[in-house]
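# Structural features, examined
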There are 4 protein chains.
Amino acid sequence: MSIVRTVGRPKLENRPLELLTTAAELFARQGFDGASIRDIARAAKVQPSSFYHFFRSKEDLFEEVYVEGVRRIRDAVTESIRSDLSPWDRLEAASTAHLTTLLETDYFSIVVAKTIPNGDREIDGRLIVHRDNYEKLFINLIDDLPNTTTRDQKYLRFALFGALNATVQWYRPGQDRPEEIAHNIVRLFRIKLDEQQEK
Amino acid sequence: MSIVRTVGRPKLENRPLELLTTAAELFARQGFDGASIRDIARAAKVQPSSFYHFFRSKEDLFEEVYVEGVRRIRDAVTESIRSDLSPWDRLEAASTAHLTTLLETDYFSIVVAKTIPNGDREIDGRLIVHRDNYEKLFINLIDDLPNTTTRDQKYLRFALFGALNATVQWYRPGQDRPEEIAHNIVRLFRIKLDEQQEK
Amino acid sequence: MSIVRTVGRPKLENRPLELLTTAAELFARQGFDGASIRDIARAAKVQPSSFYHFFRSKEDLFEEVYVEGVRRIRDAVTESIRSDLSPWDRLEAASTAHLTTLLETDYFSIVVAKTIPNGDREIDGRLIVHRDNYEKLFINLIDDLPNTTTRDQKYLRFALFGALNATVQWYRPGQDRPEEIAHNIVRLFRIKLDEQQEK
Amino acid sequence: MSIVRTVGRPKLENRPLELLTTAAELFARQGFDGASIRDIARAAKVQPSSFYHFFRSKEDLFEEVYVEGVRRIRDAVTESIRSDLSPWDRLEAASTAHLTTLLETDYFSIVVAKTIPNGDREIDGRLIVHRDNYEKLFINLIDDLPNTTTRDQKYLRFALFGALNATVQWYRPGQDRPEEIAHNIVRLFRIKLDEQQEK
DNA sequence: CATGAATGAGGATTCATTCAT
DNA sequence: GATGAATGAATCCTCATTCAT
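So, here is what we can say about the structure in this document. The shown structure was predicted, so the numbers you read here are calculated from the model rather than taken from an experiment.

## Regarding the relation of the copies chain A and chain B
Superposition of the two copies of the chain requires a rotation about an axis and a shift along the axis. Least-squares fitting of chain A to chain B yields an RMSD of 0.2 Å, with the superposition described by an axial translation of 0.0 Å and a rotation of 179 degrees. The symmetry that links the two subunits is that of a two-fold axis.

Below, the structure written as structure tokens:
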């Protein structure tokens, strides 16, 4: 899993990862509007003015955090997909990877799960592209499920994503572990559609 | 279910309903931090100072919008519950009411669906009380489902709410209607647990 | 001691004395700028708009409080002056009356003691006239003191007023009573100038 | 005694002294509530927002002005105390220093003389500490006076401070000079208690 | 690289006051 | 008399951002 994308920008290797990490945490907890550059700079122990050496704007920073969040989830999910598993097991493995990243890794992915780009902001279009890019992975996995109609697939996708991402609202460490949660959520859909084929 | 009820609700009848309605829309689209009192006042065509004749603070306004949103969803769901239906049909009827309110009536309920109180703000505690109060309705409906374990119920609740509320992120008017969406989402869970008893 | 001046304004008899009394207290504690019409109206349990039935403006109100404060002190001092006393005893009696009004009666007089009209505000000129009008009483008493030069009198006046009015800064009920304080303060000056004649 | 000392006082040396000086003047003339940040910034020819680079809040600014005022008076008084003088002459010298600072140097000390911390505000406690710290100097000088009782000392202290600080209300440049005023005020008390010993 | 200084716009909120009812 | 509604100006303060050093 890469740390920070380094293409197209000078000196990205040195760019304080801490700034991104700190921003991720604050954006995850307080949202884009609720977290100020001052807050982030203070938490990262730099001056707000120094911030502009690394990011052109607050929106830029947010987009980088978001992109990194998508990448981390995508990398985890990609890694989890093994062709020797059944389609449903692949979907469960992917869901487990998605949830584990969301709930146990860091704040980058939480920003992704909590952010709802609605097109009102100029940045939203770009965020949606990133997110859609990732969701294709799941769409493919769902398309592989046996005995499912297009309609099944469409709603399964929306429902599964809704259910998985909503975990960030109620998950508390120490209770069910992410893989248990993923297993149980997928199970809710799996047997139904699995059994259906036998009818 | 009326759009706005002014009977028996003293808090609403004398206050510029437009202020609440406008606030609901802006909060729904831009979130608490993204919508300013200036924005809301401008959209409602009053001076920002006039706003303070009706609401003590921005948080107060938000809470009123949220409470009204919860009330509208709750009223719709309560009305939809008919004892002559089977447990699963009751759950689907409730889900349809929930979704119809969310997607077809107004912005109050969308504020509820999009707001994730996480305890960081002082207001969050109160919001959670309102929301939990409503969610009990669904918990009861889910408890009534035949042949479900406690674990089934727990995950069904989280997954169903996640799936239903996530619709505000992808729903576009003109495509599937709310009742179709609700039907299809509940169907994903329904058959599975229904069939299970026959195993 | 009159309650509220009733000349020149209609319906003054009914004008809520409580508004004046409340204003006196808030002006005494928080100053003109620190006490708002809202504060005063709230404490007096009327609406801010009702306030304007009785006073043309905040400055008007302040002036009335100030004038009433001056009157209360002046009335008390006037009453205390008895021609059968020696000049020094008369001055002490007047000082006692002044201090008793300041420290034991109400907030009107405290506004007078704490307000320092410096001419920056349009209202200041009028306040100074009221105050000077009262201070003439003391000037006369001091002029009557035996064996004092004009310079003595001038500084005695400034020092005595300074010392007396400063009591509002340190006086705490339950310790020395106002007449004791007045006696001790006057004593500081009295013996010196009294004795001097014997030299 | 220099007007502004920038050596050894880190808090002053880097900050726009003009901001402090301007604030001192406006606070002296209009009080804490009467002088707005806008006013001060405008008079100092900076934007109100620039102000917040140097001071965290209006209260902070006021406290700094107050502390600086106390320091200037204290420095002047400390410098004036010479052990080769008689106790009464020391007190007069201190009074002269106090008055000269108050009336001839700048506005910092006037803020101290005009501000009456009464405990209603959160800042008052700190102001009182600063003031008390300074007043100890005078208490010591008064304690050294021969043939004075504790009661004499207590009232002399209150009366002397009251008389000295009240000068800011009536002093006009061009008439009596501060040292004359101090001399005359102390003289009012001095002979009395001095003479007493001969009785 | 880093940052202290600066800023215009905007944040929520309060101000004294007016006026129709 | 009384007041609820309204307002424009002002309150303190924070915003994201720029720039000279």
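Moving on from the model shown.
## A short note on the protein's contact with DNA strand E
Taken together, the neighbourhood of DNA strand E is formed by 29 residues, with His53(A), Arg38(B), Gln47(D), Ser50(D) and His53(D) sitting nearest. Sugar plus phosphate, as a fraction of atoms of DNA strand E within 4 Å of the protein: 52%. Separating a phosphate oxygen of DNA strand E from a backbone N or O atom of Ile37(C) is a distance of 3.0 Å. Mapped by element, the contributors of at least two residues to the surface near DNA strand E are helix 3 (48-51) of chain A, helix 3 (37-43) of chain B, helix 2 (37-43) of chain C together with helix 4 (48-51) of chain D.

## Overview of the packing of aromatic side chains
Per the stated rule, a full pass over the model turns up 46 aromatic pairs over all chains. Aromatic side chains Phe138(A) and Phe161(A) sit 5.1 Å apart centroid to centroid with 55 degrees between the ring planes, which places their arrangement in the tilted category. Of the two residues, Phe138(A) is situated in helix 7 (residues 124-143) and Phe161(A) in helix 8 (residues 150-170); the sequence distance between them amounts to 23 residues. Both rings, one in Tyr155(C) and one in Trp170(D), keep their centres 6.4 Å apart while their planes meet at 70 degrees; by these two values the pair is edge-to-face.

## Side note on the interface of chain D and chain C
Contact with chain D, which involves 34 residues of that partner, is made by 35 residues of chain C. Here chain D meets chain C over a buried area of about 3300 Å², counting both sides, of which 59% is carbon and sulfur. When the shortest N-O distance is used, the salt bridge between Asp152(C) and Arg187(D) registers 2.7 Å. Elements supplying a minimum of two residues to the side of chain D that touches chain C: helix 2 (17-34), helix 9 (150-170) and helix 10 (178-196) of chain D. Broken down by element, the side of chain D that touches chain C gets its largest block of residues, 12 residues, from helix 9 of chain D. Here the side of chain D that touches chain C is composed, by residue class, of 13 nonpolar, 7 polar and 14 charged.

## A word on the environment of Phe161(D)
Residue and element names in this part refer to chain D. Residue Phe161 is classed as buried on the basis of its relative accessible area of 8%. Counting along the chain gives 85 residues from Phe161 to Ala76, while the straight-line C-alpha distance between them is 16 Å. Excluding its chain neighbours within four sequence positions, the residues that come into contact with Phe161 are His98, Tyr134, Glu135, Phe138 and Ala166.

## Focus: the relation of the copies chain D and chain C
Under the fitted operation, chain D is carried onto chain C by 0.0 Å of movement along the axis and a turn of 179 degrees, and the coordinates agree to an RMSD of 0.1 Å. An overlap of 97% is found between the interface residues of chain D and their copies at the interface of chain C, pointing to a shared contact surface.

About the cut-offs
Residues numbered from 1 in each chain as written. Chains lettered and ligands numbered in written order. Predicted model: local features only at pLDDT ≥ 70, side-chain atom pairs only at ≥ 80, totals over all residues. Heavy atoms only, no water. Least-squares fit on C-alpha atoms with pLDDT ≥ 70 in both. Near = heavy atom within 4 Å. Polar contact = N/O pair within 3.5 Å; in protein donor to acceptor, adjacent residues only side chain to side chain. Helix = DSSP H or I, 4+ residues; strand = E, 2+ residues; numbered from the N terminus. Phe/Tyr/Trp six-rings, centres within 6.5 Å; stacked < 30°, edge-to-face > 60°. Contact = heavy atoms within 4.5 Å. Buried area = accessible area lost by both parts, 1.4 Å probe. Salt bridge = Lys/Arg side-chain N within 4 Å of Asp/Glu carboxyl O. Nonpolar A, V, L, I, M, F, W, Y, C, P; charged D, E, K, R; others polar. Buried < 20%, exposed > 50% of the residue type's maximum accessible area, 1.4 Å probe, protein only.

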